[in-house]
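Each chain is listed here by its residues.
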Amino acid sequence: MTMTKTPHKQPDYQLEQIDDELLLFHPSQTTILYCNQTAFLVWQLCDGARNTQEIIDLLGAAYPDAQNSISADILTTLEQFEQHGAIELQ
């Protein structure tokens, strides 16, 4: 994944909280992604205003104790979002 690409949410994807779970889904598709707190934050930042590296830097600064793993976690999350069609990297 290129760090300079900017993730954009795809239309109609919705994030819903049901009990203690966060679910990302498209109403007309059968795929549901279960999101942890990191995935929730990444989804919120996929607004087309920040590239991948800027999202990593922002969350790395917000969670310095997770600095060693946050980059890999974010990249994995973005890859999963892209594979399921929830985002487009431009």
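Since we're looking at a predicted model, the values are computed, not measured.

Asks: So what about the overall build of the chain? Which residues, and what values?
Replies: Along the chain, the regular secondary structure elements total 3 helices and 5 strands. Starting at the N terminus and walking to the C terminus, you meet the elements of the chain as β-β-β-β-α-α-α-β. Against the 2.2 N^0.38 benchmark of 12 Å for 90 residues, the chain shows a C-alpha radius of gyration of 13 Å, consistent with a compact globule. Over its C-alpha atoms, taken along the principal directions, the chain stretches across nearly 35 × 30 × 20 Å. Within the span of the chain, comprising 90 residues, buried residues form 31% of the whole. For the chain, restricting intrachain contacts to residue pairs at least 6 apart in sequence, the fraction spanning at least 24 positions comes to 58%. Accessible surface, the chain: about 5500 Å² in total, of which carbon and sulfur atoms supply 45%.

Asks: Tell me about the pairing of strand β3 (residues 21-25), and please be specific about residues and values.
Replies: The sheet contact formed by strand β2 (residues 14-18) and β3 spans 5 bridges and is antiparallel. Looking across to β3, one finds that Gln-14 is bridged to Phe-25. A loop of 2 residues connects β2 with β3, the two strands running antiparallel in sequence, and Asp-19 in this loop sits at a positive phi of about 55°. Sheet topology places β3 next to strand β4 (residues 32-35); 4 bridges connect them, and they run antiparallel.

Asks: Any chance you could break down helix α2 (residues 52-62) for me, citing the residues and the numbers?
Replies: Of the positions making up α2, those classed as buried are Thr-52, Ile-55, Ile-56, Leu-59 and Gly-60. Looking straight down α2, one finds that the buried residues subtend no more than 125° of arc, so they occupy a single side. Next to the buried residues of α2 lie β1 (7-9), α1 (37-45), α3 (67-83) and β5 (87-89). If you check the start of α2, you find a side-chain oxygen 3.0 Å away from the backbone N of Gln-53, and it comes from Asn-51.

Asks: Can you tell me about the packing of aromatic side chains, naming the residues and giving the values?
Replies: One pass over the structure, following the stated rule, counts 1 aromatic pair. On the basis of an interplanar angle of 85° and a centroid distance of 5.5 Å, the ring pair of Trp-43 and Phe-81 is categorised as edge-to-face. Taken as a pair, Trp-43 in helix α1 and Phe-81 in helix α3 lie far apart in primary sequence, 38 residues in all.

Asks: Which residues make up the nonpolar core, and what are the values?
Replies: Counting 20 residues, the largest nonpolar core has Leu-24, Val-42, Trp-43, Leu-59, Ile-74, Phe-81 and Ile-87 as the members making the most contacts within it. Residue assignment for this core shows that the elements contributing at least two residues are β3, β4, α1, α2, α3 and β5. Look past the residues within four positions of Ile-74 in its chain and what remains in contact with it is Val-42, Ile-55, Ile-56 and Leu-59.

Analysis parameters
- Residues numbered from 1 in each chain as written.
- Predicted model: local features only at pLDDT ≥ 70, side-chain atom pairs only at ≥ 80, totals over all residues.
- Heavy atoms only, no water.
- Helix = DSSP H or I, 4+ residues; strand = E, 2+ residues; numbered from the N terminus.
- Rg over C-alpha atoms; globule rule 2.2 N^0.38 Å.
- Buried < 20%, exposed > 50% of the residue type's maximum accessible area, 1.4 Å probe, protein only.
- Contact = heavy atoms within 4.5 Å.
- Areas by Shrake-Rupley, 256 points an atom, 1.4 Å probe, with all protein chains shown as cover.
- Pairing = 2+ DSSP bridges.
- Arc of directions from axis to C-beta.
- Polar contact = N/O pair within 3.5 Å; in protein donor to acceptor, adjacent residues only side chain to side chain.
- Phe/Tyr/Trp six-rings, centres within 6.5 Å; stacked < 30°, edge-to-face > 60°.
- Core = buried A, V, L, I, M, F, W, Y, C linked by side-chain atoms within 4.5 Å.

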